[in-house]
Amino acid sequence: MSTLAPSASIAAPHARVRIGRVAEFLLVGGATPLLFAVSWICQRTVPMATADLAFGFVFFYAAHVVNDPHFSVTYLLFYERARARAVGGEFRGAQRLRYVLAGVVAPAALVGWAGSALFTRSSYSLGLLIQLMFLLVGWHYVKQGFGVMTVLAARRGVRFTRVERLAVLAHCYAGWAYAWASPYDPGKEVEEKGVVYTTIAHPHGLERLTLAVFLATAALLVFVLVRKSVHERRLPLATPLVAMLCSVWVWSVYSSVDPLVVYAIPALHSLQYLYFVWLLKGGEAREREGPPWFERSIGARLVLLAVPTLLIGWVLFHGAPSTLDDFLVPRSSRFTDLGATPYFAALFAVVNIHHYFMDAVLWRRDNPMTRYLLAPADGADLTSRRER
């Protein structure tokens, strides 16, 4: 028995490492190819209408517990200790300026824009706000992919030089540009959340130009990674690379390649985001539950974060817009270009765009809170200790 005890004690941590490694892979993007396989099977075993309904149903309701909270938790993280960050000593210089711009100026401007469009009943103005959202969502997706890759690489002991980081970032930005420019848009009438508007035309040749840049930066990225692998002889980047490539190639550039998986993309992006929220707040909680603070346990702190996150998400995307549309939109106006849910469209665009601005500040390296992303944690974090 004594000879078996050490083996059992060693096997348990190793099993947790493997489980954590798989969980991290799936959460940051690895679930994407699995969904393609599920979609392929569904399309060949049941009628397309049935498969479409099933995927749409699942991911419509998944929004309540995945997509919506990924927006609302940003508000809780961003405005935590707002006074200390805006006028106190927690943030300084350019960091403080960025915080005030994203936390005060941006939402005021966005609410003013949306409010003016609703007051004047201008579908053109509200359509421009929606188009700004669609322009920036690609930037948000690829920037998150870049951040996830570099942080996960750092957790595995892999550091990128400035030139290497620029090569990765250039490919991400090129993917954003190509995703926005494709397909060619001569300016057409579309509908979004009930609002009917005409899109801004893309210049001729923009799609081909951005594709050329995208492919060129892909070749540069391959060269940089191969060169890094040869020089360092060992490059544990499978999960970080999958996270970045899914964000750029699958969720942004070729998001419509599968008619069923397209429903899941917002949820996949949100899971990736929420995993990093868990790393951030879990690392903070782990530090604060010990000396000299002896505060709440990790579980208690995460529950106290999850409950208001779910509540705020429901208010932002369901309670508030439904109430406003029901009481403030005259029946006669429901058949105009603004449609029956203009407040939902306006609030949806405002929250999305503001989320992008807040994220650009919240997850920067100069935010002292991001140090928790590299702190040891349970589950997937054990991979960093094993792979170094």
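The paragraphs below set out a description of the structure included in this document. (Residues numbered from 1 in each chain as written. Predicted model: local features only at pLDDT ≥ 70, side-chain atom pairs only at ≥ 80, totals over all residues. Heavy atoms only, no water.)

1. Some remarks on the overall build of the protein
Reasoning step 1: Looking only at helices and strands, the protein has 12 helices and two strands in total.
Reasoning step 2: Each helix (α) and strand (β) of the protein, taken in turn from the N terminus, gives the series α-α-α-α-α-α-β-β-α-α-α-α-α-α.
Reasoning step 3: Relative to its length of 388 residues, the protein is compact, with a C-alpha radius of gyration of 23 Å against a globular reference of 21 Å.
Reasoning step 4: Taking the principal axes of the C-alpha coordinates as reference, the protein spans close to 80 × 50 × 50 Å.
Reasoning step 5: Of all intrachain contacts in the protein linking residues separated by at least 6 positions in sequence, the fraction that spans at least 24 positions is 75%.
Reasoning step 6: Element-wise, carbon and sulfur atoms account for 69% of the exposed surface of the protein, whose accessible area totals about 19800 Å².
Reasoning step 7: Each charge sign in the protein was given a centre, from 37 positive and 25 negative side chains, and these centres are 9 Å apart. (Helix = DSSP H or I, 4+ residues; strand = E, 2+ residues; numbered from the N terminus. Rg over C-alpha atoms; globule rule 2.2 N^0.38 Å. Contact = heavy atoms within 4.5 Å. Areas by Shrake-Rupley, 256 points an atom, 1.4 Å probe, with all protein chains shown as cover. Lys, Arg positive; Asp, Glu negative; His and termini not counted. Charge placed at Lys NZ, Arg CZ, Asp CG, Glu CD.)

2. A short note on unusual backbone geometry
Reasoning step 1: The residue after Ser 182, namely Pro 183, is reached through a cis peptide bond having omega -5°.
Reasoning step 2: Inspection of the secondary structure assignment puts Pro 183 in the loop between helix H6 (162-181) and strand S1 (189-192).
Reasoning step 3: Positive phi is not limited to glycine here, since Arg 81 has a value of about 55°.
Reasoning step 4: The topology assignment puts Arg 81 in the loop between helix H2 (48-78) and helix H3 (82-86).
Reasoning step 5: Note on Arg 81: relative accessible area 34%, which makes it partly exposed.
Reasoning step 6: In this model, Arg 121 sits at a positive phi of 55°, which is unusual for a non-glycine residue.
Reasoning step 7: Inspection of the secondary structure assignment puts Arg 121 in the loop between helix H4 (93-120) and helix H5 (123-155). (Buried < 20%, exposed > 50% of the residue type's maximum accessible area, 1.4 Å probe, protein only.)

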